Structure formats: structure tokens, C-alpha cells
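# A structural walkthrough
So the chains spell out like this:
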Amino acid sequence: MHLTLIKALIKEENKDDERERLSARMRILLGDIGSTYSKLTLVDLEKQQVLAQSSACTTIESSVMVGVQLSLSQLRARLLPQPPEPLYQQALFCSSAAG
């Protein structure tokens, strides 16, 4: 093969590797802690798509984090057999609970 063509192919492969590396950094976890349910959505910003969603009962009696952790476990289960690691690079939460 011509040396210029080989260099171009290697450069294109490196671009693909870079895209994969960047997309691995572009997942965001969105959470809504409501009065009844804690809802999570995992979004791939690079691909502009929802990867998974889950919800669990909000646990105001002990800690709302119990419901969030349960919902997070369900979210991971929906991404089997191999959830990406790290699952997300940033998390944004809000509360729609009254009061």
C-alpha cells in the first residue's frame, strides 16, 4: 500500500478511537426525587439518546437516597449484560416533591 494511504487509514482509526473515548465521557444521569417515586434517566449526550430509565418508591421515612440507590440498581440491571463503567460522568437531580 502507498504510505500516504496507510497514514490516512491510521489517522481515521485514531479518530474512531477518539470518538469512542469521548462518547464514554458523555453520559449523564438525570434524577427526579418526587413525593412518591424517585426516577432516573441515563442519557448519552454524544448519541443524543436515552440509554435507560428506572424508578423506585421514594423513601422519606429513612432517607430519599435509599430509593435513589434502588432505582440506580434497576438502571444498571437494564443495561446488562455489560453496563458501561463508569456508568455516568455527571449527575443532575431535582425534586418535584411538594414541600
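What you see is a predicted model, and the numbers here were worked out from it, not measured in a lab. (Residues numbered from 1 in each chain as written. Predicted model: local features only at pLDDT ≥ 70, side-chain atom pairs only at ≥ 80, totals over all residues. Heavy atoms only, no water.)

### Considerations on the sheet that holds strand β1 (residues 27–33)
Strand order in this open sheet of four strands is β3-β2-β1-β4, and the pairing throughout is mixed. The sheet is open, and its two borders are formed by β3 (49–57) and β4 (90–95), each paired with just one other strand. Between one strand axis and the next, the sheet turns through 15° on average, direction left out of account. Examined bridge by bridge, strand β2 (residues 37–44) and β3 share eight bridges and lie antiparallel to one another. In the strand pairing of β3, S38 is matched with A56. (Pairing = 2+ DSSP bridges. Helix = DSSP H or I, 4+ residues; strand = E, 2+ residues; numbered from the N terminus. Axes fitted to C-alpha atoms, helices over the stretch in contact; angles between N-to-C directions.)

### What to know about unusual backbone geometry
Residue L80 is joined to P81 through a cis peptide bond whose omega torsion reads 20°. With respect to the element layout, P81 can be found in the loop between α2 (64–78) and β4. Its identity is not glycine, yet Q48 carries a phi of approximately 55°, on the positive side. Considering the arrangement of structural elements, one finds Q48 in the loop between β2 and β3.

### Structural notes on the side chain of S54
Within the fold, S54 resides in strand β3. Within polar-contact distance, the side chain of S54 engages the backbone oxygen of S71 at 2.7 Å. Setting aside residues up to four positions removed in sequence, S54 forms contacts with S38, K39, L40, S71, Q74, L75 and R78. (Polar contact = N/O pair within 3.5 Å; in protein donor to acceptor, adjacent residues only side chain to side chain. Contact = heavy atoms within 4.5 Å.)

### Focus on the confidence of the model for the protein chain
When pLDDT is averaged along the protein chain, the result is 81; 73% of the residues meet or exceed 70. When pLDDT is averaged over each helix and strand of the protein chain, the minimum, 58, is found for helix α1 (residues 3–24) and the maximum, 95, for β3. (pLDDT = per-residue confidence, 0-100.)

### Regarding a nonpolar patch on the surface
Together, I60, V64 and M65 give the surface a local cluster of nonpolar side chains, amounting to about 260 Å² of exposed area. For I60, the position within the fold is in the loop between β3 and α2. (Patch = residues over 30% accessible without salt bridge, like charges linked within 9 Å, V, L, I, M, F, W, Y side chains within 5 Å. Areas by Shrake-Rupley, 256 points an atom, 1.4 Å probe, with all protein chains shown as cover. Salt bridge = Lys/Arg side-chain N within 4 Å of Asp/Glu carboxyl O.)

### Remarks on α2
Helix length check: α2 (15 residues) gives 22 Å between terminal C-alpha atoms against 21 Å at 1.5 Å per residue, within 8%. Of all the positions in α2, only G67, V68, S71, L72 and L75 are classed as buried. Viewed along the axis of α2, the buried residues span an arc of 140°, placing them on a single side of the element. (Expected span 1.5 Å × (residues − 1). Buried < 20%, exposed > 50% of the residue type's maximum accessible area, 1.4 Å probe, protein only. Arc of directions from axis to C-beta.)

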